[in-house]
Structures are given as C-alpha cells and as structure tokens.
Amino acid sequence: MEQSSDALTFFALLLPFAAAAVAPLATRLMGHRAAWLLALAPALIFLHFTTFLDEVSSGATITAGYAWIPALGVDFAWLIDGLSLTFALLITGIGALIVLYSGGYLKGHEHQGRFFSFILLFMGAMLGLVVSDNFLMLFVFWELTSITSFLLIGFDHRREASRRAAIQALAVTGLGGLSLLAGLLVVAGVTGEMSLSGLLGSGGAMRDSALYATALVLLLGGAFTKSAQFPFHFWLPNAMEAPTPVSAYLHSATMVKAGVYLVMRLNPAMGDTVMWATILPLFGGATLLVGGVLAVRQTDLKLMLAYTTVASLGLLVMLTGLGSEHAVAAAALYLVAHSMFKGALFMVAGVIDHEAGTRDVTKVGGLRRLMPVTASAAMLAAISMGGLPPMFGFLAKEEIYYATAGATPWLILVTLAALAGNALMFAVGFAVAIKPFFGVERETPKHAHEGPVLLWLGPLALAVAGVATALFSNVVHVLVSSPMATAIGGIPAEITISVVPHIGVPLALSLLTIVAGVAIYRSIDRLREMIAGMLAAIGWGPDRGFDQAIRGLIRASAAITSAIHHGRMDVYMGVTFTATAVALFAPMIVYGELPAWPAFPDLPFYEWTIIIIALIGLAAIVIAKDRLTAIVSLGIQGFAVAVIFMLLGAPDLSFTQFMVETLSVVILALVMTRLRLDPTDHRPLGEKLLDMAIAGTCGLGFTLMLLRVTQGTFDRTLSDFFEQWSYTIAHGRNIVNVILVDFRGVDTLGEIAVVMIAGLAILALIRIRPRAVPEPKPGPEL
Amino acid sequence: MRTVIFGSIAPYLTSLMVLFSVFVLLRGHNEPGGGFIGGLIAASAFAIYGIACGVSPVRRALRFHPMAISGAGLLTSALSGLVSLGYATPFLTGLWAPEGFMGIEFAFSSVLFFDIGVYLVVVGSITSIALALEERESD
Amino acid sequence: METALSVTVGCFFAISVYLLLSKHVIRIMLGVGVLGNAVNLLIFTNGRLLREVPPIIAPGMSTPAMEIANPLPQALVLTAIVISFSLFAFMLVLAFRAYQSLGTDDTDGMRVAEPADEKLPPLGY
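Residues numbered from 1 in each chain as written. Chains lettered and ligands numbered in written order. Predicted model: local features only at pLDDT ≥ 70, side-chain atom pairs only at ≥ 80, totals over all residues. Heavy atoms only, no water.

Enquirer: How should the overall build of chain A be read in this particular structure?
Expert: Helix and strand counts for chain A stand at 32 helices and two strands. Taken against the 2.2 N^0.38 rule, which gives 28 Å for 782 residues, the C-alpha radius of gyration of chain A at 37 Å runs more than 25% over that of a compact globule. Dimensions of chain A, computed from the C-alpha atoms along their principal axes, are close to 115 × 60 × 55 Å. Relative to its 782 residues, chain A shows a buried fraction of 55%. Long-range contacts, defined here as pairs at least 24 residues apart, represent 78% of the contacts in chain A between residues at least 6 apart. Summing over all exposed atoms, chain A offers an accessible surface of approximately 31,700 Å²; the carbon and sulfur share of this is 69%. Of the side-chain charges in chain A, 44 are positive and 49 negative, and the distance between the mean point of each set is 13 Å. (Helix = DSSP H or I, 4+ residues; strand = E, 2+ residues; numbered from the N terminus. Rg over C-alpha atoms; globule rule 2.2 N^0.38 Å. Buried < 20%, exposed > 50% of the residue type's maximum accessible area, 1.4 Å probe, protein only. Contact = heavy atoms within 4.5 Å. Areas by Shrake-Rupley, 256 points an atom, 1.4 Å probe, with all protein chains shown as cover. Lys, Arg positive; Asp, Glu negative; His and termini not counted. Charge placed at Lys NZ, Arg CZ, Asp CG, Glu CD.)

Structure follows, in structure tokens:
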C-alpha cells in the first residue's frame, strides 16, 4: 500500500510534464476545447493529494522518494506536511480552473497549444518546488518556475514590453535563485543535511551557527526576489504583460508565493531570532505599504491587482516574521484566502478585458447587467479581499489583528502598517469589483456581454470557494489551516476562528479598516493624482534602475570586449608569448628547478657544422632582404634539421623532414611569388626591441627547460615496452613504424583524418572566388 | 620552369619516384620507410610532374581526383581496423595471415593495409594541395 | 649533444617567436614554419639522444641487441611533421586568400571581424 502510494505520488508529480508534452497536439486536434481534457491532469493530481488530508491532519509528515544522483546526495524526495499539502492543493485546484479559463481566454490564438504547454510545465515545476525535500531538487524546481515564468510573460514575444518584462522577471528571480542555492549550500555545510526534513529535524543547529546571518541573508535573497518584496517588487507589476491567466495563476496565486513558502518552511529551523523577527516584518511591512500606495495610483485593473498582490505578499512575510502563534495562523489563513480571491479577481479583470476590450478602470462602467455572473464573482471576491464576513478573507483578517494586537511599540507599528495596508487593499479591491460593474454604462471598444462558460467558471468557482470555506470553517481548519499552521510554526497549532465575530480589539481594528477603506475608496481619484505627482517628483525607481543596470552591463561588456578583443594581431601574439615566457620561467624559479650549468658539449666537427648551418639559416630568414632569400633560408634550416635527425639515429624522421621541407619551399614559392609584397620589417625600433626581448626570453626559457629535463632521470618504460614487443607480437622490425601503424594505430587514424581535412579545407579555400571587402553594416542608432 | 629538358625527363622521374615510394611503403615495417614517407615521396613526384608539364596531364595520369584517393585511403585504414571485429578483438588490433600466404614469403596483414591507407591519404591530400596551388600559378 | 641541441632549440624558438610577433603575414608564415621544427626538435631531444643507432631490430633477433635510439619520440615527431606541414599549407592558402580579399598583408589592416570602430550592441530588449 505504502509502495503504491509512493509510486502514485511520483506519477502525480510527473503528470503535468506529460500533459505539457501532449498539449500542443491536443490543441491542434481539439482547438480550445482541449482545455477540458488538459484540466483533467491537475484535477487528478488534486484528487490524489486530497487522499493525504486525513493522514496529515492527524499530524503525520510523509517523506518518501527515490535516489536520483546518489553520488551527489541528490534524491527525488518529497516532503508532505500541512504546508506543502496546502500549497499542492492550491496549485492543482486553481491550476485546473486556470487551464479551463485559458481555454476561453486564448480561444483561437495561434499558439494556444504552446500556452497550455507552458502553463502545465509551470504547474509541474511549482508542484515539484513545494513538495521537494532535497535541497538541490528544491533549487532545480525553483529555477524551473523562473524559466517557465519567463516563457509565459514573454508569451506575446512580438511586443517589446513583453520581452522586457520577461527578461526582467528572469533576471531578478534567477539571480535570487542563485542566492537561494548559495544559502542552501551554506545550510548544508553547517548542518550536514541535504534535505528539508533533515534540517527541520536538526533543532537549533542552524540558529546557533556563526554562519546563521550569512545563510539567512542568502536565503532571504531568494525568497524576497521571488515574492516581490520591496525593493525587488518592480518585476511583478511589469509581469502583467503576460496573458491574464498567467497573471492570475503565477503572479498572484502560486509562483510569487514560493518565496513566502520558503520563509514559512524555514521558520521552524531558522526563525525565532532577533534577526529574523526584525528583517522579515521590516521588509514585509515596507512592501505592504509601498504595494498598497502604488496600487491606488493605477488605473489598469491588472496593475491595481498586481500592486495589491505585492502588498499581500508583504503582509504574509511580515506575519511569518512575527512568528507568534496567532501570526502564524493568520499567515496560513491569509495565504489560502488570498490565492482564492486574488485569482478570482484577476480572472475577472481578464474577462472584462476580453469582453469589453479595455481594462482601464476609468473607461468601463455599468457592466453589471451585461455580465451578471462575472459581476457576482467579482463582488464575492472583493468582499473576501476587503475582509468582510462571511468570507474566508474575513477570518484571515480577524486573525491578523489578533496577531498584531499588542501593547509593545513594535507591535503597534506593525498594527498600524497592517491597518493601513488592509485599508488600501480594501479600497482597491472594491474599486476593481465595483467601478466596472456599477454606475453609468460606458461606451467600450468592444460591445461587452457575458463571456462563455470557460471564462466565468474559474472566477465564480474561486469566489464561491471563498464563501464555502468560511461557512464550513471548522472542517477547513481541521483539514488544512491547522496542519499548515503546525508546519509553519513547528509546534502543534489549532485554529478555531469562525465567521461569528467576537467583541474585542480585533473587531474594533476591523471596523476601523472598513471606515478607512471606504474613505480611501471615495477619494480614490484625488489620491491617485496625488501619488502620481509624488512619484513624478521622486523620478527614479527600481524599475528604471533595472534598465540602467542592464544598459550599464551592456556598455561594460562592450568596453571589456573591445579592450580584450581589440583586433590587433601583434598585441594578441605579444600577450600570448609573454604568458608563455612566464609559464616557462615561473615554475622553474618557484620550485628551484633551474638547470645546472652544463659542460661545454664535445661534438664531432660535422655536428657543429650542421648546427651552425641551421643557425645561419635561421638568421638569414630574419634578415633576408627579399622573399626568395627568406624562403630558401627556411629550406636551409629545415634540411639542417633533417640532417640532425639522420645523425641521431632517426632515418624515418630524416626522410620525412626532407620531403616536407622540399614541398614547403615549393608551395611557399608558388604562393609568395604571386603576392606583390615587401618582406622587410617596418616595425619601429622600440617595438622591435620589445619583440626581441619577448622572443629571446621565450627561447631562453625553452633552452633552460630542456636542459633541466635532459639533466633529470628518464623513464624508459614505454620505450622498453615497444622495443621488447615490436617484433615478438607485432612482427615488425622498424619500431617507429610499428608504433605508428600498430601500437598507436588509432592515433594515426586520427592524424591522417586531420591531413585529409586540411587538404579539403585548402581545396575549398582555393575554389571560392575572392570577393570585395564587405562594408561593415552601420550599427543601430543609440 | 617548363623547359624542354625538364619536361621530357619529368614523366620518367615521376614514374621512378612513384615506384620508389611504393618500395619505401612496403619495406616500412622492417626497414626505414612506411606510409608517411612513401606518401610524401609520391606526392613530390606528382608535384614535380605538375611543375614540369602542367597540371592537366597530372590529373589525367591520376585518373581520380586526388581527394578521392585520399578518401579511399582513409576508408582503407578504417576498414583494416574493422577486420579485427571479425576476430572479436579490439578495433585496429593487428592480424596476420599465416606465414607463406599463397606460397609466397610475404607478411600479409591488416597492418599492411592500414599503412597503405596512410600512404594513400598522404599522397591524395598533399598532391591535391600542390596541384591546386600550381593551377593558380598557371591561370 | 643534449646541451648543444637545447641551445639550438632555444634559438629556433626565439627566431620563430620573433617572426610571429611581426605584423606581416609573410613573416608570420615563416615563423610558423620554424616553430614546427622547433617543437619537433624539442620533443626529439626530450626523448634523449643516441648517435647513429636507428630503432630497428636486426634480422634474426626478436629484441634489439644493443641500446638503440628512443623510438617513441620519433613516432610522435613523424606524424607531427606531416600534420604541421598540412597546417602550414592551410595557413599559407588562408593568408593568400586574405591578401586577395583585403589587399594587404599587414595584420593591422585585417580587421573585418573586429573592426576598430565597433559600435555598441543594441540596448533594447
């Protein structure tokens, strides 16, 4: 039973990838109706994960998996507890609705199949991310979500804004991913654990480590970029260039919560320190306020929602950082509530865009009668977002105020931030849900009417889920919220909050939020202008900073490239040979291996003669006044080398060298006589001296190295082997030839292949007709 | 370079050199010589012929394009290595026919064919280079 | 003998490097030609030297009767000679074609791939 369940989980994790593979084909065959088929995949996985609810709610943690790369300690292992199970259910449940919604939203799009494929790929990556136990598996899936997000944001790749947003998202989250990897490796180095379950079981080992701060900053670098925390928030609103299903799914319900997931996951092992409890609420609170304020400034429905998403993510991080029992419970509840209402609202924005042709909140109005189903979904979701009963969002908000209500200055600050953020989100949420549907009917680019079932099913289902989960909150708490809070907090937790309000500070804060929210809503147009004016006064933001960074990067790369690849051959050569000289001398000097001063060689006169002829040939090449002399001199030194081979017992080499030198001289003469060239040297004297110094040093280096080598002992093992066996087993008396054709036959085969390739290349070079130098194309204007 | 004397002597010189190159190739296993040297000698022979009498007579005399000869050589070498597959030995293991093959005292072996392949590659490639350059000279 | 050849090899390297450092393609080609010989001699000398005894097993013996020249560097150098010749021929033809196309043998003039006034790459997305 256990075995088959593990195998099923394994297949469940692979199923999205399989579905992604068949999606293009299915779409070609069935058109947009393929959505119904493809949505089966997430639905099935959703059902599979519901089977764990029972076990997990009773406090169990399921870890299982298979060895993947055992040598590196990488396993395909998963960890299912309250936290990952909740995420898995959200990912697959909302995922199924999103697939259906995409079917309607991109109906008739020429690349709809590709879109399905990408979104299913993302689903697989995200699912893998939240259930990963192994660090490296977590990292791989983390980066995979960044990459699929890149593909989805850049889906409409013909527009520059899409491309920019895609690159920006990839750069920010990808760099964050590297930071995460570094952090995980630090953690692994300190605790010796390569898995989350191991880390969670290691107690306070990480907290007490001297490397705690390093690891924390690196890990938070990953989490904050992924979850768009200030000041890395800028990529998320830009990611709204993606088609709306992507915004609803990746950029509100799931992917951006990966950072929050990581923070929650690490809380038991790394939380509850001063650093943790300072950094997280600080950044979370800043993000909450910045996101809320910037949301008010927007008129585009999707951008308004995007900035409130930034604010919500800030709120979640802040709550996790507080770490108290109520804060953890509030984070768990708010995360679930947010996924439902924000997903629904995004899809509503998409429906308005799709049916009315615009999503500018100032240009639509009175759509209520034309799109009743969408309007009711929007209202339900907005009520949940505003934190009004009887919605799940209300429970979450009440719990938030339970968590922040306190008398210390720190908590009062946090409460104020939460209050302001919630009020702003309240106002924006209702602005999205009310402005387009109520008021006077406006003329829109398209004649608006209710969309097909595929379009309104998703938002409606999520909005209704928001009510149902609140009404049956006792069941939800037992199955989902409490196990999740337990996993985040690391200690058993029980959430009991229900829709029935309790008199107390939280309720008062709730009422205050509503009052403030209504006030903001009523004056939203004036506030918008005010904030726009303020932003214009500041004039710079991280978004523009990103452009400047990219431009600086390109300029710096171009500068470095032109500094290194300056195109001057003589300098390349000079650098190469200077490095050669250093490589020759440095080891000899460092290791004290300079050769002993050799005795003056005692050679027969004919050997002296040959060596002197070779040197004269060499000198003549350099000082030759015309090219024929130079060529003949080259031949002289070559023949001298051939004679040296002959004198030293290498007749084969000698013959070969003779033939090759002859041929070299012939082809040199053939080519050179066709060039009207002046072979004399025109270098200025200083340059000549420098070149001579480099050349002389290289030559001296080779001499010294060779002297040292020949003064050392010589290992004749290989030579002895060849001498002993050449005739006995290879039946050949010419050992050189036997080595070439028998012992080292494969080498020779490769070498004759090289000779042949050189022949072919020369033939090709000679056959192509010379053409005029192409004018360099003018570079693009800057 | 196209003098009468050189032009008349070149064909004979070339045939002698090619004959010599084959001799060098075949004795290579036991005496100085072998495929590389033999090939270079033959290639020089053709280069001399080309310089003396022009390129077209050489091409006619060769019958095949030099690069085709080179390709045939590479194929011969590779195939001689593949023979060892039939004896379940590693690629390019040397194999010898029993002494006195067909009643003649002659070392008939896969290694010989390998060396012939080397010879052909060197002859083909280098002749091709030399002829190509000479052709440019004459046009 | 090793000492004498070591110095000779050093001279070969020095001359070839000096030629390679020049700006004229012809001189660079000559440098390549000398460099091949320099490297071959270097390998050959590294294998120790022995006069006038080729690595050939005398008829009637199955192993060399006396000390013979080291066959291993000879085998290495033999193929190196042929390959360096092929490379030399290829570079020669390449230089020749470059001269025909560009009308110069000065490497400063051969800057089609890396022009002196290269513009910035596009800064858009």
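Enquirer: What is the right way to look at the packing of aromatic side chains in this model?
Expert: Where two aromatic rings form a pair, the distance of their centres and the angle of their planes describe that pair. All names here are of chain A. Under the criterion given, the structure shown has 25 aromatic pairs over all chains. For the pair Y334 and F341, a centre-to-centre distance of 6.3 Å together with 70° between the ring planes defines the contact as edge-to-face. Each of the two residues, Y334 as well as F341, counts as buried. Taken together, the aromatic side chains of F10, F11, Y66, W68, F76, W78 and F141 make up a single cluster linked through ring pairs. Between K435 and the ring centre of Y521, over which it is positioned, the NZ or CZ distance is 5.4 Å. Over the ring of Y727 we find R733, and its NZ or CZ is 3.9 Å from the ring centre. (Phe/Tyr/Trp six-rings, centres within 6.5 Å; stacked < 30°, edge-to-face > 60°. Lys NZ or Arg CZ within 6 Å of the ring centre and 35° of its normal.)

Enquirer: What exactly am I supposed to notice about the interface of chain C and chain A here?
Expert: Counting from both sides, the interface comprises 94 residues of chain C and, opposite them, 120 residues of chain A. For the pair chain C and chain A, the summed buried area comes to about 9,800 Å², and 73% of that belongs to carbon and sulfur atoms. Taken as a group, Y18(C), L21(C) and Y125(C) account for 10% of the area that chain C buries against chain A, more than any other trio of residues on that side. The tally of links between chain C and chain A comes to two salt bridges. Note that E687(A) is salt-bridged to K23(C), the shortest N-O span being 3.9 Å. Connecting chain C to chain A are 16 residue pairs in polar contact (both at pLDDT 80 or more). (Buried area = accessible area lost by both parts, 1.4 Å probe. Salt bridge = Lys/Arg side-chain N within 4 Å of Asp/Glu carboxyl O. Polar contact = N/O pair within 3.5 Å; in protein donor to acceptor, adjacent residues only side chain to side chain.)

Enquirer: Is there a simple way to explain helix α21 (residues 473-489) of chain A in this structure?
Expert: Helical periodicity: at 3.6 residues per turn, an α-helix aligns residues three or four positions apart in one direction. Residue and element names in this part refer to chain A. For α21, with 17 residues, the first-to-last C-alpha span of 20 Å runs short of the 24 Å given by 1.5 Å per residue. Remark: the principal bend of α21, roughly 35°, maps to L479, with a proline, P483, within the next four residues. Listed in full, the buried residues belonging to α21 are S473, V476, H477, V480, S481, S482, P483, M484, A485, A487 and I488. Buried residues belonging to α21 abut α4 (53-57), α5 (82-105), α13 (257-270), α16 (325-356), α18 (392-404) and α20 (453-471). One or two residues past the end of α21 sits G490, with phi positive at roughly 85°. (Expected span 1.5 Å × (residues − 1). Bend = angle between axes of the 7 residues up to and from the residue.)

Enquirer: Even after reading the chapter, I still don't get the nonpolar core, so can you show me in this structure?
Expert: Within soluble globular proteins, side chains that are nonpolar tend to cluster in buried spots. Counting residues in hydrophobic clusters, the biggest one holds 195 residues, and the most contacted among them are F49(A), W235(A) and M270(A). A per-element tally of this core places α16(A) first, with 22 residues. By size, the runner-up hydrophobic cluster in this structure holds 111 residues, among which are L765(A), A132(B), L41(C) and A75(C). (Core = buried A, V, L, I, M, F, W, Y, C linked by side-chain atoms within 4.5 Å.)

Enquirer: Where do I start with a nonpolar patch on the surface in this structure?
Expert: All names here are of chain A. Together, L25, L29, M30, L37, L40, L44 and L47 make up an exposed nonpolar region whose accessible area comes to about 690 Å². Going through the elements one at a time, α1 (2-30) and α3 (40-50) are the ones with two or more residues in the nonpolar patch. Checked against the element boundaries, L47 lands in helix α3. (Patch = residues over 30% accessible without salt bridge, like charges linked within 9 Å, V, L, I, M, F, W, Y side chains within 5 Å.)

Enquirer: Any chance you could explain the pairing of strand β1 (residues 62-69) of chain A here in plain terms?
Expert: For a regular strand, side-chain orientation follows a simple rule: the groups alternate between the two sheet faces. Across seven bridges, β1(A) lies against strand β2 (residues 74-80) of chain A in antiparallel orientation. Residue Y66(A) lies in a different strand from β2(A), and its bridge partner there is F76(A). (Pairing = 2+ DSSP bridges.)

Enquirer: I tried to follow the pattern of salt bridges on my own but got confused; where do I start?
Expert: When charged atoms on two side chains of opposite charge get close, those side chains can pair. Inspection of the entire model under this criterion finds 18 salt bridges over all chains. Among the charged side chains, a salt-bridge network with shared partners connects R568(A), D570(A), E687(A) and K23(C).

Enquirer: Help me understand the state of the cysteines in this model?
Expert: Defined simply, a disulfide is a covalent bond joining two cysteines at their sulfur atoms. Throughout the structure, instances matching the rule amount to zero disulfides over all chains. Distance from the sulfur of C11(C), which forms no disulfide, to the nearest cysteine sulfur (C698(A)) is 13 Å. (Disulfide = S-S within 2.5 Å.)

Enquirer: Please clarify how the packing of α18(A) against helix α19 (residues 409-434) of chain A should be interpreted in this entry.
Expert: The relative placement of two packed helices is expressed as an angle between their axes plus a distance between the axes. Residue and element names in this part refer to chain A. Packing of α18 against α19 brings their axes to within 9 Å, and their N-to-C directions diverge by 160°. Comparing their axes, α19 and α18 come out roughly antiparallel. Along its contact with α18, which presents K397, I400, Y401, A403 and T404, the element α19 presents L411, V414, T415, A418, L419 and N422. Considered class by class, the residues forming the contact of α18 with α19 number seven nonpolar, three polar and one charged. (Axes fitted to C-alpha atoms, helices over the stretch in contact; angles between N-to-C directions. Parallel < 35°, antiparallel > 145°, perpendicular 65-115°, else oblique. Nonpolar A, V, L, I, M, F, W, Y, C, P; charged D, E, K, R; others polar.)

Enquirer: Help me understand the interface of chain B and chain A in this model?
Expert: Where interface size is given, it is often the accessible area lost as the parts come together that is meant. Each side of the interface is counted separately: chain B has 41 residues, and chain A has 38 residues. Summed over both sides, the interface of chain B with chain A buries roughly 3,500 Å², with 75% coming from carbon and sulfur. Linking chain B with chain A are zero salt bridges, by the criterion used here. Viewed at the interface, chain A and chain B are joined by eight residue pairs in polar contact (both at pLDDT 80 or more). Elements that contribute at least two residues to the side of chain B that touches chain A include exactly α2 (35-53), α4 (66-86) and α5 (110-138) of chain B. Among the residues forming the side of chain B that touches chain A, the class breakdown is 22 nonpolar, 14 polar and five charged.

Enquirer: Explain the environment of P445(A) here, please?
Expert: Residues and elements named next belong to chain A. Structurally, P445 is set in the loop between α19 and α20. On the accessibility criterion, P445 (61% relative accessible area) is exposed. Separated by 89 residues in the primary sequence, P445 and A356 place their C-alpha atoms 6.3 Å from one another.

Enquirer: Help me out: how do you make sense of unusual backbone geometry in this one?
Expert: With the exception of glycine, the majority of residues adopt a negative phi angle, and the majority of peptide bonds are in the trans configuration. All names here are of chain A. Cis geometry marks the peptide bond from F230 to P231; its omega dihedral reads 5°. Positionally, P231 belongs in the loop between α10 (212-226) and α11 (235-238). Positive phi, close to 50°, is recorded for A228, a residue that is not glycine. Structurally, the position occupied by A228 is in the loop between α10 and α11.

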